[in-house]
Amino acid sequence: EKLIEENKVVRRHKFLELNVGKATLNQKAIEEDSRFDGLKGYITNNYDLDEDEVISHYNQLHVVEQSFRMSKSDLKIRPTFHQNKQRIESHVLLCMISLCLMRVLEEKLRGNYTWPKALEVISSTNSAVIGNNKKQYLIPPLLSENFKHIQSLIAS
């Protein structure tokens, strides 16, 4: 009402009627919408869940939201500008697989390492290849105690 009074309405809204540059409240739409005040609905495609399970899963929504924040920051996922549908789908699939792997790693390491610390230990473990044009030799890495511990947690 205040925005209408000050003539600062800048976009369409379901509760507004725009007439020749002048906005007014759509009282009928407000009344119809008020029928749902205080109601909360849940939609699921898993029909095997009972009502309590659906609500319980919904209450875990923060975990999904955290995953998307994690995927954007920790995995450094950024917008891409693919034109080809197959490339877009492949990119999204690769990002989701990375997120799943990170979640599995996080779960396996819970209480022992944070996944960034584990990745630091893992990536600091290097092997080397030496040789010449005729023959090459792989020098295996020296595994730290932390690396061996992480390896045992992941394998369990």
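Our structure is the block above this text.
Residues numbered from 1 in each chain as written. Predicted model: local features only at pLDDT ≥ 70, side-chain atom pairs only at ≥ 80, totals over all residues. Heavy atoms only, no water.

(A) Structural detail: the overall build of the protein. Along its length, the protein carries seven helices and four strands. From first element to last, N terminus to C terminus, the protein shows the α and β order α-β-β-α-α-α-α-α-β-β-α. The C-alpha radius of gyration of the protein comes to 27 Å, more than 25% above the 15 Å expected for a compact globule of 156 residues. By principal-axis analysis of the C-alpha atoms, the protein measures approximately 80 × 45 × 30 Å. Residue burial in the protein is summarised as follows: out of 156 residues, 15% are buried. Intrachain contacts of the protein at a sequence separation of at least 6 include 33% that bridge at least 24 residues. Approximately 13,400 Å² of the protein is accessible, and the part contributed by carbon and sulfur atoms is 55%. (Helix = DSSP H or I, 4+ residues; strand = E, 2+ residues; numbered from the N terminus. Rg over C-alpha atoms; globule rule 2.2 N^0.38 Å. Buried < 20%, exposed > 50% of the residue type's maximum accessible area, 1.4 Å probe, protein only. Contact = heavy atoms within 4.5 Å. Areas by Shrake-Rupley, 256 points an atom, 1.4 Å probe, with all protein chains shown as cover.)

(B) Region of the structure containing the packing of aromatic side chains. Taken as a whole and judged by the stated rule, the model has one aromatic pair. Taken together, a centroid distance of 5.0 Å and an interplanar angle of 80° make the contact between Tyr42 and Tyr58 edge-to-face. With Tyr42 in the loop between helix 2 (27–34) and helix 3 (51–58) and Tyr58 in helix 3, this pair connects stretches of sequence that are 16 residues apart. Since its relative accessible area comes to 32%, Tyr42 is described here as partly exposed. (Phe/Tyr/Trp six-rings, centres within 6.5 Å; stacked < 30°, edge-to-face > 60°.)

(C) Main features of a negative patch on the surface. Together, Asp50, Glu51, Asp52 and Glu53 give the surface a local cluster of negative charge. Within the secondary structure, Asp52 sits in helix 3. (Patch = residues over 30% accessible without salt bridge, like charges linked within 9 Å, V, L, I, M, F, W, Y side chains within 5 Å. Salt bridge = Lys/Arg side-chain N within 4 Å of Asp/Glu carboxyl O. Lys, Arg positive; Asp, Glu negative; His and termini not counted. Charge placed at Lys NZ, Arg CZ, Asp CG, Glu CD.)

(D) Fine view of the environment of Phe147. Assignment of secondary structure puts Phe147 in helix 7 (residues 145–155). Expressed as a C-alpha distance, the spacing of Phe147 and Leu18, which sit 129 residues apart in the sequence, is 65 Å. Excluding anything up to four places from it in sequence, Phe147 contacts Val121, Ile122 and Thr125.

(E) Structural detail: helix 7. Within the sequence span of helix 7, burial applies to Phe147, Ile150 and Leu153. Summarising the axial view, the buried residues of helix 7 lie within an arc of 125°, below the 170-degree limit, and thus occupy one face. More than 90 degrees from the buried face of helix 7, the exposed residues found are Glu145 and Ala155. Elements that come into contact with the buried residues of helix 7 comprise helix 5 (85–109) and helix 6 (115–123). (Arc of directions from axis to C-beta.)

(F) Highlighting the nonpolar core. Of all hydrophobic cores here, the largest spans 10 residues; its members are Met102, Leu105, Leu109, Tyr113, Trp115, Ala118, Val121, Phe147, Ile150 and Leu153. Where this core is concerned, the elements lending two or more residues are helix 5, helix 6 and helix 7. In contact with Leu105, other than residues within four places in its own chain, are Trp115, Leu119 and Ile154. (Core = buried A, V, L, I, M, F, W, Y, C linked by side-chain atoms within 4.5 Å.)

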